[in-house]
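Below, each chain spelled out in residue letters.
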Amino acid sequence: GPAPLAGLRFRVLLGRALGDAAPDLVYQHCSGYETVVVGRYARRHGIPFVYHWGTDSDRDGLTEGGRSLGARVFVRARRKADLQLCQTRSQMAGLPAAEQARAIVFPNPLTATIPFRRSRGGDVLWVGRIRPLKRPDLFLDLAAALPHRRFVMVGELSGPAEASAAVRARAKSLPNVVLAGHKA
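Residues numbered from 1 in each chain as written. Predicted model: local features only at pLDDT ≥ 70, side-chain atom pairs only at ≥ 80, totals over all residues. Heavy atoms only, no water.

1. Observations concerning helix α6 (residues 136-145)
Okay, so step 1: Regarding α6, the residues found buried are Pro 136, Phe 139, Leu 140 and Ala 143. Taken end-on, α6 shows its buried residues confined to a sector of 95°, consistent with a single buried face.
Okay, so step 2: Looking at the buried side of α6, the elements it contacts are β5 (124-127), β6 (151-154), α7 (161-173) and β7 (177-181). (Buried < 20%, exposed > 50% of the residue type's maximum accessible area, 1.4 Å probe, protein only. Helix = DSSP H or I, 4+ residues; strand = E, 2+ residues; numbered from the N terminus. Arc of directions from axis to C-beta. Contact = heavy atoms within 4.5 Å.)

2. Details of the packing of aromatic side chains
Okay, so step 1: Inspection of the entire model under this criterion finds three aromatic pairs.
Okay, so step 2: Ring centres 5.3 Å apart and planes at 80° place the aromatic pair Phe 139 and Phe 151 in the edge-to-face group. Pair noted here: Phe 139 is in helix α6 and Phe 151 is in strand β6, with a separation of 12 residues, a long-range link. You'll find Phe 139 and Phe 151 in the same group, each marked buried.
Okay, so step 3: Taken together, Trp 126, Phe 139 and Phe 151 form an aromatic cluster joined through their ring pairs. (Phe/Tyr/Trp six-rings, centres within 6.5 Å; stacked < 30°, edge-to-face > 60°.)

3. Observations regarding the pattern of salt bridges
Okay, so step 1: By the definition in use, this model includes five salt bridges.
Okay, so step 2: Note that Glu 99 is salt-bridged to Arg 79, the shortest N-O span being 3.2 Å. On the criterion of sequence distance, the pair formed by Glu 99 in helix α5 (residues 97-100) and Arg 79 in helix α3 (residues 69-79) is long-range, its members being 20 residues apart.
Okay, so step 3: Taking the relative accessible area as the measure of exposure, Arg 79 reaches 42% and is therefore partly exposed.
Okay, so step 4: In this structure, Asp 137 engages Arg 135 in a salt bridge whose closest nitrogen and oxygen atoms are separated by 2.8 Å. (Salt bridge = Lys/Arg side-chain N within 4 Å of Asp/Glu carboxyl O.)

4. Side note on the nonpolar core
Okay, so step 1: Residues Leu 14, Leu 18, Val 26, Val 38, Phe 49, Tyr 51 and Cys 86 are the most contacted members of the largest nonpolar core, which totals 19 residues.
Okay, so step 2: Of all the secondary-structure elements, those providing two or more residues to this core are α1 (2-21), α2 (33-45), β2 (49-52) and α3.
Okay, so step 3: When residues in this core are grouped by element, the largest group, four residues, is from α2.
Okay, so step 4: Ignoring anything within four residues of it in the chain, the contact list for Phe 49 reads Val 26, Gln 28, Thr 35, Val 38, Gly 39, Ala 42, Ala 77, Ala 81, Asp 82 and Leu 83. (Core = buried A, V, L, I, M, F, W, Y, C linked by side-chain atoms within 4.5 Å.)

Without other data, these values stay purely geometric and don't point to any function.
Dropping the structure here:
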């Protein structure tokens, strides 16, 4: 179907973008097939690969389907990173000893105590895969609570079909929400 072809096209485009950028180091955040593309690029070009954990599920590839082939490939790619940035001590403690030797705890630098400038009324933007683990329901709750603001969701709907259908239906029911879909 179209989903695997879209994923393949994205991987090809990501590989090309890396080639065009010719980085001295590659940094990738959160689990996904991007980890495999970025990790392979780094190894092929002899440059450091830094993987930054997003959630505890990144340890086992649970956000990528647990025992699926995609999850196993992601975990293998993550394990080959030159450096892993774990957001918590528990993430680091769950790593095998060989990976702990190449990992550090690097807490999320963004906290609620950072003073943000008052908004001028621009769009509220979601960029990333739209799946239950990422809690798109909370983003849509915020849109419902702030009907005077426009909320735009850019990303691929993924996960169980019924969950994607629920997000699509809820977004359509809110006049201030735009579900822009996957952009490459």
